[in-house]
Amino acid sequence: MYKRIFDIENQLDEAMFLFGGRQVGKSTLLKERFKGVIYYDLLKSDLRRRLRRNPELFRNALMKEPEGTLVIVDEIQKVPDLLDEVHLLMFEKHLKFILSGSSARKLKKEGANTLGGRAAKRTLFPLVWPEIPDFDIDRAVQNGMIPPHYAVKDATDRLEAYVDLYLREEIQEEALVQNIDDFARFMEVAAISDGEMINYENIASDCGVSAKTVKSYFRILYDTLIGYEIPAYTKVIKRRVSQAPKFYYFDVGLANYLMGRNSLKRGTDDFGHAFEHYIVQEILAYRGYFRRRENISYWHTYTGLEVDLVIGDARVAIEIKSSEEVMNRHKTGLNAFKEEHPDCRAILVSLDPITRLSSGMELIYVNDFLKLLWNGEIF
């Protein structure tokens, strides 16, 4: 059992939308932190069917509850009409709600009631470094951080089942695409672009569909919380820079599975890509949990210089390398960025076990970096 750091109890006011990818632990967290509350699980098909036919049953069942009663509705996107009933119960009975789900797409598509802005929106991420005793960086990079995947030595079978369930229940059952095979192929091609700048035309060519279709497929990944974009840092000082966003799957283990990276070895390019993805994943989770407002972007020039992450308006620049010995060539992108932004804090995260300063740059061993990050000492 993992002790999750998300202090959901302290962030709940009138209502909360709790989103997160499948199997990240939303239901487990809610049942652990809120014992004995009224709980509706919309994964139960009989309950889901009844409430779809008669959403007012939900209201009738709760009208007798005293003011301040907490009600949890799991997988709210399965019955979006319930949100009208939730809104009424909040207004008339002053009940409190946590509404969890693994997809915001259906809520957006059907114009579902967003509770007049009175519900906070929060995300539960896959596991993060401080939640895991005896943390194993190689296992995290290979298996990813979805709890049941990190827990085993070889997560291949679980990842296969995960993708199959996602395709059947999120994509096919909800009729989000016309051709499920095309979408499955797209997911594999998108994995090749994981951590890379998105080129819709190239991906469309590889998938045998139009660029417009590829854009719609990416939107499905974002709305079902399976992927996300990191925008480019576009402020031009001296060098021309890329404007295209980068794509990442929400968990590195998923990207590994879709690319067939089943046995990553340190020192390989594949390990390096996965290591970078994992660090990005941790940083985004930290920002989400502690509600940091600064933008996170990346910097890439037309001549090929790059910095993996830029925090805020060039306040912090982070390069991620899986090397066990940092060399001068690993610092090239950061040095170029610091030329244009001399006041930025430049950090290189790696597997080099000797954390040190080098010409105004912080070279930080990965475990030291993760400790600093979650202690609030990076941003």
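Provided above is the structure to which this section pertains.
In this text the structure is predicted, and so the values were computed from the model without any measurement. (Residues numbered from 1 in each chain as written. Predicted model: local features only at pLDDT ≥ 70, side-chain atom pairs only at ≥ 80, totals over all residues. Heavy atoms only, no water.)

## Let's talk about the overall build of the chain
Okay, so step 1: Along its length, the chain carries 16 helices and 14 strands.
Okay, so step 2: Considering only C-alpha atoms, the chain reaches an extent of 70 × 45 × 45 Å along its principal axes.
Okay, so step 3: Here the chain holds 379 residues, and the buried ones make up 54% of them.
Okay, so step 4: Accessible surface, the chain as shown: approximately 17300 Å² in total, 46% of it carbon and sulfur. (Helix = DSSP H or I, 4+ residues; strand = E, 2+ residues; numbered from the N terminus. Buried < 20%, exposed > 50% of the residue type's maximum accessible area, 1.4 Å probe, protein only. Areas by Shrake-Rupley, 256 points an atom, 1.4 Å probe, with all protein chains shown as cover.)

## Here we look at the pattern of salt bridges
Okay, so step 1: Within this structure, the stated rule accounts for 22 salt bridges.
Okay, so step 2: Salt-bridge contacts for D313 lead to K235; the nearest nitrogen and oxygen are separated by 3.7 Å. With D313 in the loop between β10 (306-311) and β11 (316-320) and K235 in the loop between β7 (227-230) and β8 (246-249), this residue pair connects regions lying 78 residues apart in the sequence.
Okay, so step 3: On the basis of relative accessible area, D313 is assigned to the exposed category, the value being 55%. (Salt bridge = Lys/Arg side-chain N within 4 Å of Asp/Glu carboxyl O.)

## Digging into the packing of aromatic side chains
Okay, so step 1: Counted according to the given criterion, the structure contains 23 aromatic pairs.
Okay, so step 2: A centroid spacing of 5.6 Å and a plane angle of 25 degrees characterise the contact between F6 and Y289, whose relative ring orientation is stacked. Here Y289 lies in helix α14 (residues 269-290) and F6 lies in the segment before α1 (8-11), a separation of 283 residues in the sequence. Just as F6 is buried, Y289 falls in that class too.
Okay, so step 3: Here the aromatic rings of F218 and F247 are separated by 5.1 Å at their centres, their planes lie at 70 degrees, and the arrangement is edge-to-face. Within this pair, whereas F218 is found in helix α12 (residues 211-223), its partner F247 is found in strand β8, the two being separated by 29 residues in sequence.
Okay, so step 4: For F218, a relative accessible area of 1% corresponds to the buried category.
Okay, so step 5: By the ring-pair criterion, three or more aromatic residues cluster together here, those being F183, F186, Y200, Y217, F218, Y222, F247 and Y249.
Okay, so step 6: Here the guanidinium or amino end of R139 rests over the ring plane of Y150, the centre of that ring lying 5.8 Å away.
Okay, so step 7: Over the ring of Y302 we find R240, and its NZ or CZ is 4.1 Å from the ring centre. (Phe/Tyr/Trp six-rings, centres within 6.5 Å; stacked < 30°, edge-to-face > 60°. Lys NZ or Arg CZ within 6 Å of the ring centre and 35° of its normal.)

## Re the sheet that holds strand β13 (residues 356-358)
Okay, so step 1: As summarised here, the arrangement of the six strands in space is β9-β10-β11-β12-β14-β13, forming an open sheet in which the pairing is mixed. Each having just a single partner strand, β9 (296-300) and β13 make up the two edges of the open sheet. On average, each strand axis in the sheet is tilted by 30 degrees relative to the strand beside it, whichever way the strands run.
Okay, so step 2: Pairing analysis gives five bridges linking β11 to strand β12 (residues 345-350), with the strands arranged parallel. Residue pairing for β12: I318 is matched across the bridge by I347.
Okay, so step 3: Packed onto the sheet, α14 meets β9, β10, β11 and β12 and runs at close to 145 degrees relative to β11.
Okay, so step 4: Sheet contacts for helix α15 (residues 332-340): β9, β10, β11, β12 and β14 (361-365); angle to β10, the most-contacted strand, approximately 50 degrees. (Pairing = 2+ DSSP bridges. Axes fitted to C-alpha atoms, helices over the stretch in contact; angles between N-to-C directions. Contact = heavy atoms within 4.5 Å.)

## A closer look at the sheet that holds strand β4 (residues 96-101)
Okay, so step 1: Spatially, the five strands line up as an open sheet ordered β2-β3-β4-β1-β5, and their pairing is parallel. Two strands close off the open sheet at either side, each with one partner strand: β2 (38-41) and β5 (119-123). Each strand axis lies, on average, 15 degrees off the axis of its neighbour in the sheet, ignoring direction.
Okay, so step 2: As paired elements, β2 and strand β3 (residues 70-74) share four bridges and run parallel to each other. In the sheet register, Y39 faces β3, and the bridge partner there is I72.

Function cannot be read off these values alone, since they describe shape.
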